[in-house]
Amino acid sequence: MKHEFLDARQPPLERRGGGRVFGHGGLRLVLLQLIADKPRHGYELIKAIEDRLNGAYSPSPGVIYPTLTLLEEMGHVTVTADGGRKLHTLTDAGRDHLAEHRAEVDALLARMASGLPMRGGGHGERPAPIERAVHNLRHALHLRLAREPLAEAQIHAIADALDAAARQIERL
């Protein structure tokens, strides 16, 4: 099976069609806060985010439901059947996680209310070529690690290549 990397001229997949709204981990925190406000179904969470962003963004079910599954696996929410739908309720661990990240949650909610861009903590978007390159690196690592186990020399060679790239970037 041939795997292709993203073309340098194309925007990264996660930015097509309007862009990634939340930075890493931001959506999880917003979902936890919305569930802390009241137990909700996935569709209700989609609508709540859309409402808070005045219709400027509506997360897709393909983004929301895997994130909810992750939150359940992390022990931050429980799921109960509710008329054929899943009702998500915050756990004590989820409440603790929200408390640990209170400043970040408050900043996200404030940015949502103000209409400011959500991603990047005020530092702006990463340029598309960098997003593409990061995606390609992750994809290459994922594909290689999914094949046969690595020999010790291969592990060190990959780690050396990643360390060299990190040093080169730091010096720019």
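Since this is a predicted model, take the numbers as computed values, not measurements. (Residues numbered from 1 in each chain as written. Predicted model: local features only at pLDDT ≥ 70, side-chain atom pairs only at ≥ 80, totals over all residues. Heavy atoms only, no water.)

1. Quick look at the pairing of strand β3 (residues 85-90)
For clarity, the threshold we go by: Here the rule is simple: two strands pair whenever DSSP picks up at least two bridges between them. Each helix is a run of H or I in the DSSP string that is no shorter than four residues. Each strand is a run of E no shorter than two, and both are numbered from the N terminus.
Where strand β1 (residues 40-41) lies against β3, 2 bridges are found, and the strand directions are antiparallel. The partner of H41 across the bridge, within β3, is L87. Inspection of the sheet shows strand β2 (residues 77-82) paired to β3 by 6 bridges, in the antiparallel sense. Note on β3: the bridge partner recorded for T78 is T89. Count of turn residues in the β2/β3 antiparallel hairpin: 2 residues, of which G83 carries a positive phi of about 65°.

2. Thoughts on the nonpolar core
Heads up, the condition is: Buried residues of nine kinds, namely Ala, Val, Leu, Ile, Met, Phe, Trp, Tyr and Cys, make up a nonpolar core once their side-chain atoms join them within 4.5 Å. Any residue under 20% of the maximum accessible area for its type is buried, any over 50% is exposed, and the rest in between are partly exposed; the area is computed with a 1.4 Å probe on protein chains only.
By size, the foremost hydrophobic cluster in this structure holds 25 residues, and its most contacted members are F22, V30, L31, I49, I64, L68 and M112. Looking at this core, the elements that each hand over two or more residues are α1 (26-37), α2 (42-52), α3 (61-73) and α5 (102-114). Per-element tally for this core: the top contributor is α1, with 7 residues.

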